[in-house]
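# An overview of the molecular structure
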Amino acid sequence: MKGKRENWGSSFGFILAAAGSAVGLGNIWKFPYIAGENGGAAFIVVYLISILLIGIPIFISELIIGRKSQLNVVGAYKKLSNNSPFWSIVGYMGIFTAFVILSYYNVVAGWSIGYFFEGLKGTFNDFTTVELASNYFGNQTSSTFWIISWQLIFVALSVYVVFSGVRKGIEKYSKLLMPILLIILIFLAVWGSSLKGGSAGLAFLFKPNWGSINGKVILIALGHAFFTLSLGMGAIITYGSYFSKDDNILTSALWVVFLDTFIAIVAGIAIFTSVFSMGFNPADGPGLIFNILPTVFNKMPGGNIFGILFFLLLSIAALTSAVSLLEVITSYFVDNKNYSRHRVVIISAFITFLIGIPSAMSFGLLKDYQIFQKSFFDIMDFLSANILLPGGGLLIAIFIGWKYGYKKSLDALESGSNEWFKSNIFFAFLGKKVPAKKLSIGNVWFIFIRFIAPVLITLVFLKSIGII
Ligand code: PHE
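Basis of the calculations
- Residues numbered from 1 in each chain as written.
- Predicted model: local features only at pLDDT ≥ 70, side-chain atom pairs only at ≥ 80, totals over all residues.
- Heavy atoms only, no water.
- Helix = DSSP H or I, 4+ residues; strand = E, 2+ residues; numbered from the N terminus.
- Rg over C-alpha atoms; globule rule 2.2 N^0.38 Å.
- Contact = heavy atoms within 4.5 Å.
- Near = heavy atom within 4 Å.
- Polar contact = N/O pair within 3.5 Å; in protein donor to acceptor, adjacent residues only side chain to side chain.
- Areas by Shrake-Rupley, 256 points an atom, 1.4 Å probe, with all protein chains shown as cover.
- 1 Å grid on protein atoms, 1.4 Å probe; cavity = no way out; pocket = protein on both sides within 12 Å on 5 of 7 lines; lining within 4 Å.
- Sits in = over half its atoms within 2 Å of the grid points.
- Nonpolar A, V, L, I, M, F, W, Y, C, P; charged D, E, K, R; others polar.
- Points joined across faces, edges and corners; volume = space filled by probe spheres on them.
- Salt bridge = Lys/Arg side-chain N within 4 Å of Asp/Glu carboxyl O.
- Buried < 20%, exposed > 50% of the residue type's maximum accessible area, 1.4 Å probe, protein only.
- Patch = residues over 30% accessible without salt bridge, like charges linked within 9 Å, V, L, I, M, F, W, Y side chains within 5 Å.
- Phe/Tyr/Trp six-rings, centres within 6.5 Å; stacked < 30°, edge-to-face > 60°.
- Lys NZ or Arg CZ within 6 Å of the ring centre and 35° of its normal.
- Axes fitted to C-alpha atoms, helices over the stretch in contact; angles between N-to-C directions.
- Parallel < 35°, antiparallel > 145°, perpendicular 65-115°, else oblique.
- Left-handed = near helix turned anticlockwise from the far one by under 90°.

## Overview of the overall build of the chain
Looking only at helices and strands, the chain has 19 helices and 0 strands in total. Taken against the 2.2 N^0.38 rule, which gives 23 Å for 468 residues, the C-alpha radius of gyration of the chain at 22 Å falls within 12% of a compact globule. Based on the C-alpha atoms only, the size of the chain along its principal axes is roughly 65 × 50 × 45 Å. Once local pairs closer than 6 in sequence are excluded, the contacts in the chain between residues at least 24 apart make up 80%.

## Quick look at the site of the ligand
Around the ligand, 16 residues are found, and the nearest of them are Ala 22, Gly 26, Tyr 105, Phe 227 and Ser 230. Take Thr 228: an N or O atom from its main chain is 3.2 Å from a nitrogen atom of the ligand. For the ligand, whose free accessible area comes to 330 Å², the fraction covered by protein is 100%. Of all the cavities here, the one that holds the ligand is the largest cavity. If you list the elements that add at least two residues to the shell around the ligand, you get helix 1 (11-22), helix 2 (25-37), helix 5 (85-121), helix 10 (215-228) and helix 14 (303-337). Its residues placed into classes, the shell around the ligand shows 8 nonpolar, 8 polar and no charged.

## A word on the layout of surface pockets
Here the largest pocket defines a volume of roughly 530 Å³. As for the largest pocket, its lining consists of 23 residues, of which Tyr 33, Glu 37, Lys 374, Asp 378 and Asp 381 are closest to the centre. Residue assignment for the lining of the largest pocket shows that the elements contributing at least two residues are helix 2, helix 10 and helix 16 (376-404). In terms of residue count, helix 16 provides more of the lining of the largest pocket than any other element does, 5 residues in total.

## Some remarks on the pattern of salt bridges
With the rule as written, the count across this model stands at 4 salt bridges. For Glu 118, the salt bridge goes to Lys 121, with nearest N and O atoms at 3.5 Å. Separated by 3 residues within a single helix, Glu 118 and Lys 121 lie in helix 5, roughly one turn from each other. Exposure remark for Glu 118: the relative accessible area of 2% places this residue in the buried category. For Lys 121, a relative accessible area of 62% gives the class exposed. A salt bridge links Glu 327 to Arg 341, with the shortest nitrogen-to-oxygen separation between them at 2.9 Å. On the criterion of sequence distance, the pair formed by Glu 327 in helix 14 and Arg 341 in helix 15 (residues 341-360) is long-range, its members being 14 residues apart.

## Remarks on a nonpolar patch on the surface
A grouping of Ile 186, Val 190, Trp 255, Phe 258 and Phe 262 is seen on the molecular surface, where their side chains present a nonpolar patch of about 490 Å² in accessible area. Of all the elements in the fold, those that place two or more residues in the nonpolar patch are helix 8 (166-194) and helix 12 (249-277). For the nonpolar patch, the leading source of residues is helix 12, giving 3 residues. For Phe 262, the location among the structural elements is in helix 12. Using a relative accessible area of 35% as the deciding quantity, one classes Phe 262 as partly exposed.

## Considerations on the packing of aromatic side chains
Here the structure, examined in full by the defined rule, presents 44 aromatic pairs. Plain terms: the ring middles of Trp 29 and Phe 377 are 6.3 Å apart, the flat faces sit at 85° to each other, and that makes the pair edge-to-face. Of this pair, Trp 29 sits in helix 2 while Phe 377 sits in helix 16, and the two are 348 residues apart along the sequence. Phe 377 matches Trp 29 in its accessibility class, with the two residues each being buried. When the ring of Tyr 104 is compared with that of Phe 377, the centres are 5.6 Å apart and the planes differ by 75°; the resulting orientation is edge-to-face. Of the two residues, Tyr 104 is situated in helix 5 and Phe 377 in helix 16; the sequence distance between them amounts to 273 residues. For the pair Tyr 104 and Phe 377, one class covers both residues: buried. Sitting over the ring of Phe 382, Lys 374 keeps its end group 4.7 Å from the ring centre. Its guanidinium or amino end placed over the ring of Trp 402, Arg 450 lies 3.6 Å from that ring's centre, counting from NZ or CZ.

## Overview of empty space enclosed by the protein
Evaluation of the coordinates by the stated rule reveals 4 cavities of 30 Å³ or more. What the largest cavity holds in volume is close to 130 Å³. Its residues assigned to classes, the lining of the largest cavity shows 10 nonpolar, 7 polar and no charged. Approximately 60 Å³ is the volume attributed to the second largest cavity. Of all the elements in the fold, those that place two or more residues in the lining of the second largest cavity are helix 4 (73-80), helix 5 and helix 16.

## Some details on unusual backbone geometry
The backbone of Asn 83 shows a phi angle near 65°, a positive value even though the residue is not glycine. Among the secondary structure elements, Asn 83 is positioned in the loop between helix 4 and helix 5. The exposed category is assigned to Asn 83, whose relative accessible area is 58%. Not every positive phi belongs to a glycine, and Gln 373 is a case in point at roughly 60°. When you line up the elements, Gln 373 lands in the loop between helix 15 and helix 16.

## A short note on the packing of helix 10 against helix 19 (residues 441-464)
Viewed as axis vectors pointing N to C, helix 10 and helix 19 meet at an angle of 140°, and their least axial separation amounts to 8 Å. Considering their axes alone, helix 10 and helix 19 lie oblique with respect to each other. The handedness of the crossing between helix 10 and helix 19 is left-handed. Mapping the contact onto sequence places Gly 215, Lys 216, Ile 218, Leu 219, Leu 222 and Phe 226 in helix 10 and Ile 457, Val 460, Phe 461, Lys 463 and Ser 464 in helix 19. For the contact of helix 10 with helix 19, the class distribution of residues is 7 nonpolar, 2 polar and 2 charged.

## Examining the environment of Leu 63
Relative to the helices and strands, Leu 63 is located in helix 3 (residues 41-69). Along the chain, Leu 63 and Ile 49 lie 14 residues apart, while their C-alpha atoms are 21 Å from each other. Every residue in contact with Leu 63, bar those within four places of it in the chain, is listed here: Phe 14, Ile 236, Gly 240, Ile 249 and Ala 253.

In structure tokens, the structure reads:
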């Protein structure tokens, strides 16, 4: 890219934008339905452990790679590995993953905008039972015209946002809307908890039944930790490339991870208290929130307005995530190929639309076409969230831990960090500055990225295919 690379307005701007990428359908649509399918609390514990031991160290690594290189995902690997062809391929894998995720992400985001309009039309007034709501959802998603139109409208909206560039576009939207979404979710969670039978939902979320855990469940939980934090394919590398050397990587990463996890848990409480109070099935699959929440809105005073606002904000949360995926593709072609930004955005968005059509039709015309009992939609989801992202994360950990190395990584991380970063980790948490011998935060992070994260990811892969 020519000239000076655009920066975020401030660390705060970055945190909001990265949170905009992280918080999306993953938290509000996907997390509840996969937690419901995989046994609830025990699944959530594995997901939280994955975030702590693997997600946070990799989040930091992606920020380092992005800020140090100031480049797109392919350029970043190329530059920091001194042009190694292998690492460039890892970069291209990130771009490929962005296409795969976007193809079906656009579909679900399309449902969400569609439901915003259903709310405006007053459709939720008819949903006196969850059965009525789920029949309606089944009808809508099997109508090819309905889904493809909304999918296309969503794609057009993301093109519009990426067009307006980094600060004006992404940052402006995130700042305004994320807090409103959080407030609505908190309200729904409190409302749900007060419903009769809602406490069974809380037990489902917080009382683990370890018997439900197996290799596949662990892989799905790990995959979701990557998916929800936008990790493993370069979205955070790309956003980190707009980071300046005075920004604090560690605290920014912790903030984003905290917000993302908090929102998922609040969404989980909102959904499962309602699911259980209505005596519904938690393992209802991808339609879960579309079946449950409109029924909740039906029963709530002023619920229609809430419903409209909820699906509007969910669509916007999806938009800020889709935009970060599109940005991975766009920044590569703009940096490297010198194509005009507008052309790249339109063409790549249109390609994601086209490859998303079979996913869109997986709930209707293509319902019976399944491979390994999975629809096209499920395959795209499984391939990206459970294989490409953790695989990409493993490579990121190996890159930082073994290729880029201790000294350079730590220097990169330290720039912009607080005083206490270099002090002994235990004293740092107590607010005292005691010079570290070995146990500084940076050193501990490096142990995680060099040893713990790669070993754990490998073990999960092996376990999921039954080798251990
Ligand atoms: N984190 C986003 C969500 O939870 C999805 C996403 C995945 C965005 C990977 C960017 C990269 O909805």
